[in-house]
Amino acid sequence: MKEMQKKMQELISKEELDRAFDARFPKNMQRKLRSAKVAIAGLGGLFCEYPIVCEAFDRPDQKAMLVRELLTQCPKTTVISGNGMAGYADINEIKTCQMMQRLYVCGDQSTDVGDGIGLIAPRVSACAAHQANKVLQLVMQAQYE
Amino acid sequence: MVKINGEAKEIAGKNLLEYLKETGFKPEWVVVERNLEIIPKELLGDVTIEDEDEIEVLRFVGGG
């Protein structure tokens, strides 16, 4: 990865890369980039101000922890979780389901990277698109209520 | 009768944590909602399933 980054920096400057990255987002979109360890204590402080949170952790115990604590500590937050997206099985198995009052789950809810199947772009992208679409739906519903 | 993920089961009186383990769930990998309340992981063993309980168990798998 470092070699690839070095080669890219020979072809294009960091400033140009940053500009290209920024150009992907609408000008009126607010973005905050934070690097933090997510733990049970203090989780509310990180997330409770947001009406919608998407979960995309890798480990199942961490996914469960985050979803459980968001639903418990942030009573005004709706959670959209990605669950089951590994491999290259039928992409039509990727679905969005409302599992609890404030929880939507996107994925097939069964295909685990631990089965020796890695994460491969098409299904992961489909799952991410499901999560993004559900965010849009919820935002637009709230706007027109 | 108890409903678990929409299915009716005769499990009133069972301990919730033991039921989860018997049915192959790892407690660390699930989120459990009982009668619209999320049960903290550390309290799963304190819950006795009651008649007419409605329980949702969401099992997570790896990958994100």
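Residues numbered from 1 in each chain as written. Chains lettered and ligands numbered in written order. Predicted model: local features only at pLDDT ≥ 70, side-chain atom pairs only at ≥ 80, totals over all residues. Heavy atoms only, no water.

Visitor: Which parts of the structure should I look at to understand unusual backbone geometry?
Guide: If a residue is not glycine, its phi is most likely negative; likewise, a peptide bond is most likely trans. One non-glycine residue, A:Gln109, adopts positive backbone phi at about 60°. Looking at the secondary structure, you find A:Gln109 in the loop between strand E4 (103-107) and helix H5 (121-143). At B:Asn5, a residue that is not glycine, the phi angle is positive and equals roughly 50°. (Helix = DSSP H or I, 4+ residues; strand = E, 2+ residues; numbered from the N terminus.)

Visitor: Can you walk me through the nonpolar core in this structure?
Guide: Of all hydrophobic cores here, the largest spans 20 residues; its most connected members are A:Phe47, A:Leu70 and A:Leu103. Of all elements in the fold, only helix H3 (43-47), helix H4 (60-73) and E4 of chain A reach the threshold of two or more residues within this core. Looking at which element gives the most residues to this core, the answer is H4(A), with 6 residues. For A:Phe47, the residues in contact, after removing those within four places along its chain, are A:Val38, A:Val53, A:Leu66, A:Leu70, A:Cys74 and A:Thr77. Counting residues in each nonpolar core, the second largest holds 14 residues, with B:Val2, B:Ile11, B:Val30 and B:Val47 among its members. (Core = buried A, V, L, I, M, F, W, Y, C linked by side-chain atoms within 4.5 Å. Buried < 20%, exposed > 50% of the residue type's maximum accessible area, 1.4 Å probe, protein only. Contact = heavy atoms within 4.5 Å.)

Visitor: Sorry, what's going on with the side chain of B:Glu33 here?
Guide: Inspection of the secondary structure puts B:Glu33 in strand E3 (residues 30-34). Although buried, B:Glu33 forms no salt bridge, and the nearest oppositely charged side chain, A:Arg102, lies 7.6 Å from it. With residues near it in sequence (within four places) discarded, B:Glu33 still touches A:Met100, A:Gln101, B:Ile38, B:Glu54, B:Ile55 and B:Glu56. (Lys, Arg positive; Asp, Glu negative; His and termini not counted. Salt bridge = Lys/Arg side-chain N within 4 Å of Asp/Glu carboxyl O.)

Visitor: What am I meant to see in the interface of chain B and chain A here?
Guide: When the parts of a complex come together, some accessible area is lost, and that lost area is often used as the size of the interface. Opposite the 18 residues of chain B that make contact, chain A presents 28 residues. Between chain B and chain A the total buried area reaches about 1900 Å² when both faces are included, carbon and sulfur atoms providing 64% of it. Three residues stand out in chain B for area buried against chain A, namely B:Phe60, B:Val61 and B:Gly64, and they jointly supply 31% of the buried area on that side. Applying the counting rule to chain B against chain A returns 0 salt bridges. Where chain B meets chain A, there are 8 residue pairs in polar contact (both at pLDDT 80 or more). Class assignment for the residues of the side of chain B that touches chain A results in 10 nonpolar, 3 polar and 5 charged. (Buried area = accessible area lost by both parts, 1.4 Å probe. Polar contact = N/O pair within 3.5 Å; in protein donor to acceptor, adjacent residues only side chain to side chain. Nonpolar A, V, L, I, M, F, W, Y, C, P; charged D, E, K, R; others polar.)

Visitor: What's the story with the pairing of strand E5 (residues 54-59) of chain B in this structure? I'm lost.
Guide: On a regular strand, one side chain projects to one face of the sheet and the next to the other, so that they alternate. Across 2 bridges, strand E1 (residues 2-4) of chain B lies against E5(B) in parallel orientation. The residue bridging B:Lys3 from the neighbouring strand is B:Glu54, located in E5(B). (Pairing = 2+ DSSP bridges.)

Visitor: Would you take a moment to explain the pattern of salt bridges for this structure?
Guide: Side-chain pairing between opposite charges can occur once the charged atoms of the two side chains come close. All names here are of chain B. Applying the stated criterion across every chain yields a total of 7 salt bridges over all chains. A salt bridge links glutamate 50 to arginine 34, with the shortest nitrogen-to-oxygen separation between them at 3.9 Å. Separated by 16 residues along the polypeptide, glutamate 50 in the loop between strand E4 (37-39) and E5 and arginine 34 in strand E3 bring together distant segments of the chain. Classification of glutamate 50 as partly exposed rests on a relative accessible area of 47%. Connected via shared salt-bridge partners are Arg34, Glu50 and Asp53.

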